[in-house]
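Fold and contact review
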Amino acid sequence: MAQIYTQLEGLDETAAVSTIMHAPGEIIGPETTLGQAAAVVDRLQHSTLLVAADGKVVGTFTLHDLTSAFRSGVSPDEPVHRCMSRQVMTVQETATLAAAAKMMATHSISHLPVLNADGKLVGLVNGHDFRRLSIAAIKAQAAQVRKLEKALEDTLAALAAVLEQRDPYTAGHQKHVSMLAVSIGKELDFDSGRLHALSLAAIVHDLGKIQIPAEILTKPERLNAAEFALVRQHPMIAYNILKTIDFPWPIADIVVQHHETMDGSGYPFGLKGEQILPEARVLMVADIVESMSSDRPYRPALGIDAAIAEIIHLRGSRLDGEVVDACVRVLRRGEYSPFLLEVLPYPD
Ligand SMILES: [Fe+2]
Ligand SMILES: [Fe+2]
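Our subject in this report is the structure included herewith.

Basis of the calculations
Residues numbered from 1 in each chain as written. Chains lettered and ligands numbered in written order. Predicted model: local features only at pLDDT ≥ 70, side-chain atom pairs only at ≥ 80, totals over all residues. Helix = DSSP H or I, 4+ residues; strand = E, 2+ residues; numbered from the N terminus. Rg over C-alpha atoms; globule rule 2.2 N^0.38 Å. Buried ≥ 20, exposed ≤ 12 C-beta atoms within 10 Å, placed from the backbone. Contact = placed C-beta atoms within 7 Å. Axes fitted to C-alpha atoms, helices over the stretch in contact; angles between N-to-C directions. Parallel < 35°, antiparallel > 145°, perpendicular 65-115°, else oblique. Left-handed = near helix turned anticlockwise from the far one by under 90°. Nonpolar A, V, L, I, M, F, W, Y, C, P; charged D, E, K, R; others polar. Expected span 1.5 Å × (residues − 1). Pairing = 2+ DSSP bridges.

1. Comments concerning the overall build of the protein chain
- When you go through the protein chain residue by residue, the secondary structure sums to 15 helices and 5 strands.
- By the compact-globule yardstick of 20 Å for 348 residues, the protein chain is too spread out, its C-alpha radius of gyration being 34 Å.
- Its C-alpha atoms put the protein chain at 105 × 35 × 35 Å along the principal axes.
- Put simply, the protein chain has 348 residues, and 32% of those count as buried.
- Sequence-distant contacts, at least 24 apart, represent 64% of the contacts inside the protein chain between residues at least 6 apart.

2. Digging into the packing of helix 13 (residues 304-314) against helix 14 (residues 321-332)
- With their axes 10 Å apart at the nearest point, helix 13 and helix 14 run at an angle of 165 degrees to one another. Judged on the interaxial angle alone, helix 14 and helix 13 are roughly antiparallel. Between helix 13 and helix 14 lies a crossing whose hand is left-handed. Judged by residue contacts, Ile 304, Ile 308, Ile 311 and Ile 312 of helix 13 engage Val 324, Cys 327, Val 328 and Leu 331 from helix 14.
- For the contact of helix 13 with helix 14, the per-class residue count stands at 8 nonpolar, no polar and no charged.

3. Section: the environment of Gln 165
- Of note, Gln 165 is situated in helix 5 (residues 127-166).
- A sequence separation of 50 residues divides Gln 165 from Leu 115, and the C-alpha atoms of the two residues are 65 Å apart.

4. Re helix 5
- Along its 40 residues, helix 5 runs 59 Å from first to last C-alpha, staying within 8% of the 58 Å computed at 1.5 Å per residue.
- Among the residues of helix 5, those classed as buried are Asp 129, Phe 130, Leu 156, Ala 160 and Leu 163.

5. Considering the pairing of strand 5 (residues 121-126)
- Bridge analysis of strand 4 (residues 111-115) against strand 5 gives 5 bridges, and the strand direction is antiparallel. Of the residues in strand 5, the one forming a bridge with Val 114 is Gly 123.
- Between the end of strand 4 and the start of strand 5, which pair antiparallel, lie 5 residues, with Gly 119 showing a positive phi angle near 80 degrees.

Here's what the structure looks like:
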């Protein structure tokens, strides 16, 4: 019983049996002789034959019926209606898949004849029919989920683009951080779900800057204390926007933690070490490297070598040692360059 119900997974159980049934195939008439029936059983290798007259199912004739007829000396020239079973479970073509599955499971039927409103045989349904359609339905659902995920990714990329239009100095910043963060994540053997979460979180990690005045974001000199206090609000602002979206991953939590540091000197919460999500630890290293290796309003790019020196300097204090080591390996292999990124298309 459980097996047939498992096969319903992904199917609309209220759909009609007619949506999955197959053609009845070879059937025999009640006047077919036992000898002819034996030949059909042998040729089809079916243990059960349907017996129909004028399109109506009148019985079933099984291998068991055949052997017991021959054992009791019935002539091969006798018609099957003398030995067939007249009790046949059938289902209407409008019956639901759930009803048909239950009938098959309860009565241990492998093939269920399907009848139309006039009682005529229009098809057969078996376990294979359930399985075949169930697999198709699950595939269709997976495609739909992928489509929704893509829409979500596009929406986040659009949000990122809105922010970057206000602040040309950070144009491309989030995309570059995302690419570097994913490279570091791969180096750390993150699984595909974690890599996906990391890539999405990185693409919007500075989203909170949308509420910071553009004059402050583009100020050509270092910020004063009051301005910096305002900029420090951006992880929390992003969190409040992103927490309203029901992501399958902790995107809002990763984003709010991207300025936390391993020694607890970061913001907004002053979290320490293991309290910080691994994705956020990767994001903070990628963020530092990207910022240092590109132009800022208040200074030109410092370059990859300076970025490597800086993260090594902060290794074990503010930054996670393993993440720094993984990032340095990625950078030394030449897999990241802000210049190259300008011409490389962003991978899907
Ligand atoms: Fe940030
Ligand atoms: Fe950033």
